[in-house]
Amino acid sequence: MKKIAVSLALTTLLAGCDNASAPLSFTPEMASFSNEFDFDPLRGPVKEFSQTLMNEKGEVAKRVSGSLSTEGCFDTLEIHDIESNSGVALVLNANYYLDAQTMQKKLRLQGKCQLAEMVASGTSWETNDAGFIVSAHGKETDVSYRYDVDGYPLGKTSVSGEQRLSVASKPSADLRKRLDYTAVSMLNDKTLGNVKQSCDYDRHDNPVTCELLIVDQSVKPAQEHKYTIKNTIDYY
């Protein structure tokens, strides 16, 4: 009986250690914002971060940066898409995100810091009981979002009239390497392209550098585009 008791105690102890060392889940805000604004989600007590996407020539194609409160709310979020010559800089002010330059209200929030409505277009977001955005409704487009049990964004489906665009992501089975993934984008059940990413990670299981391969199948012959992503992350 003594040996059995010791064995059970040891098993319980080891199980407790495993649970303590399990990677943190993605928060509703981080998962939802990354899904909506197209950047890699991070986990843990992130204070500030930047993600820089560079093409094969070493030229910056896109850069995303942000700062978060200790509660995990985005205080600021800045996106520069050099390839499409577009960008936005947002700053949190009460229940809104304002344009950092004009101070115009851009996004209305629900709860502490989750997206509720895009002021100009009237697009509204809905959340589930856990606080994750699961759908968006606009004048011409409806979007549904998917996540796994850890809050990792699995993709989204946009429907506008007869057009149905879907992105489905399959992350690594290793819970510490969720940003190692493959993804497929489809328009009306026709494959537009696929993506494969592999990363090196820090002690918080967040990506430090990633190699990204995009295959564009919407053109003939299909074209490959290789990118490198470099992340900087400061923690609380």
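1. Concerning the pairing of strand E16 (residues 223–235)
- One ladder, built from 8 bridges, connects strand E1 (residues 46–54) with E16; its direction is antiparallel. Opposite Thr-52, over in E16, you have Lys-230 as the bridge partner.
- In this sheet, E16 lies alongside strand E15 (residues 207–216) in antiparallel orientation, the contact comprising 8 bridges. In the sheet register, Glu-211 faces E16, and the bridge partner there is Thr-228.

2. A few points about the pattern of salt bridges
- Summed over all chains, the structure comprises 5 salt bridges.
- Asp-205 serves as the salt-bridge partner of Arg-176, at 2.9 Å between the closest nitrogen and oxygen. Of this pair, Arg-176 sits in the loop between strand E12 (163–171) and strand E13 (181–187) while Asp-205 sits in the loop between strand E14 (190–201) and E15; the two residues are 29 residues apart in sequence, bridging distant segments of the chain.
- Asp-205 sits in the buried class, given a relative accessible area of 11%.

3. Describing the packing of aromatic side chains
- With the rule as written, the count across this model stands at 8 aromatic pairs.
- Note on Phe-49 and Phe-74: the rings are 6.3 Å apart at their centroids and 80 degrees apart in plane angle, and the pair reads as edge-to-face. Separated by 25 residues along the polypeptide, Phe-49 in strand E1 and Phe-74 in strand E3 (residues 74–81) bring together distant segments of the chain.
- Between Phe-132 and Tyr-147, the ring centres sit 5.0 Å apart and the planes meet at 50 degrees, which makes this aromatic pair tilted. Taken together, the residues Phe-132 in the loop between strand E8 (124–127) and strand E9 (133–137) and Tyr-147 in strand E10 (residues 142–147) connect sequence positions 15 residues apart. Of the two residues examined, Phe-132 and Tyr-147, each falls in the buried class.
- Stacked on the ring of Tyr-96, the Lys or Arg Lys-105 has its end atom at 4.3 Å from the ring centre.

4. A few points about the state of the cysteines
- In total, this model carries 2 disulfides according to the counting rule given.
- A sulfur-sulfur separation of 2.1 Å characterises the disulfide bridge that pairs Cys-199 with Cys-210. In this structure the cystine formed by Cys-199 and Cys-210 twists about its S-S bond by roughly 105 degrees; its chirality is therefore right-handed. With a gap of 11 residues between them, Cys-199 in strand E14 and Cys-210 in strand E15 connect regions that are remote in the sequence. Each member of the pair, Cys-199 together with Cys-210, is buried.
- For the chain, numbering the cysteines in disulfides from first to last along the sequence yields the connectivity 1-2, 3-4.

5. What about helix H2 (residues 28–37)?
- In terms of burial, H2 is largely enclosed, as 9 of its 10 residues are buried.
- Within H2 the residues assigned to the buried category are Pro-28, Glu-29, Met-30, Ala-31, Ser-32, Phe-33, Ser-34, Asn-35 and Phe-37.
- Trailing H2 by a residue or two, Asp-38 shows a phi angle of about 60 degrees, which is positive.

6. Observations regarding the environment of Phe-39
- Along the chain, the position of Phe-39 falls in the loop between H2 and E1.
- On a C-alpha basis, the gap between Phe-39 and Arg-63 in space is 9.2 Å, while along the polypeptide they are 24 residues apart.
- Each residue touching Phe-39, except ones within four places of it in the same chain, is listed here: Met-30, Phe-33, Ser-34, Phe-49, Gln-51, Val-64, Phe-74 and Leu-77.

7. Side note on the environment of Leu-107
- For Leu-107, the location among the structural elements is in strand E6 (residues 105–110).
- Taking C-alpha positions, Leu-107 is 30 Å from His-204, a pair spaced 97 residues apart along the chain.
- Contact partners of Leu-107, with chain neighbours within four places excluded, come to Phe-37, Leu-90, Asn-95, Tyr-96, Tyr-97, Leu-115, Glu-117, Met-118, Val-119 and Trp-125.

8. Re the environment of Leu-154
- The residue Leu-154 is located in strand E11 (residues 153–160) in this model.
- The partly exposed category is assigned to Leu-154, whose relative accessible area is 22%.
- Those residues in contact with Leu-154, other than ones at most four positions away along the chain, are Arg-146, Tyr-147, Asp-148, Val-167, Ala-168, Ser-169 and Pro-171.

About the thresholds
Residues numbered from 1 in each chain as written. Predicted model: local features only at pLDDT ≥ 70, side-chain atom pairs only at ≥ 80, totals over all residues. Heavy atoms only, no water. Pairing = 2+ DSSP bridges. Helix = DSSP H or I, 4+ residues; strand = E, 2+ residues; numbered from the N terminus. Salt bridge = Lys/Arg side-chain N within 4 Å of Asp/Glu carboxyl O. Buried < 20%, exposed > 50% of the residue type's maximum accessible area, 1.4 Å probe, protein only. Phe/Tyr/Trp six-rings, centres within 6.5 Å; stacked < 30°, edge-to-face > 60°. Lys NZ or Arg CZ within 6 Å of the ring centre and 35° of its normal. Disulfide = S-S within 2.5 Å. Contact = heavy atoms within 4.5 Å.

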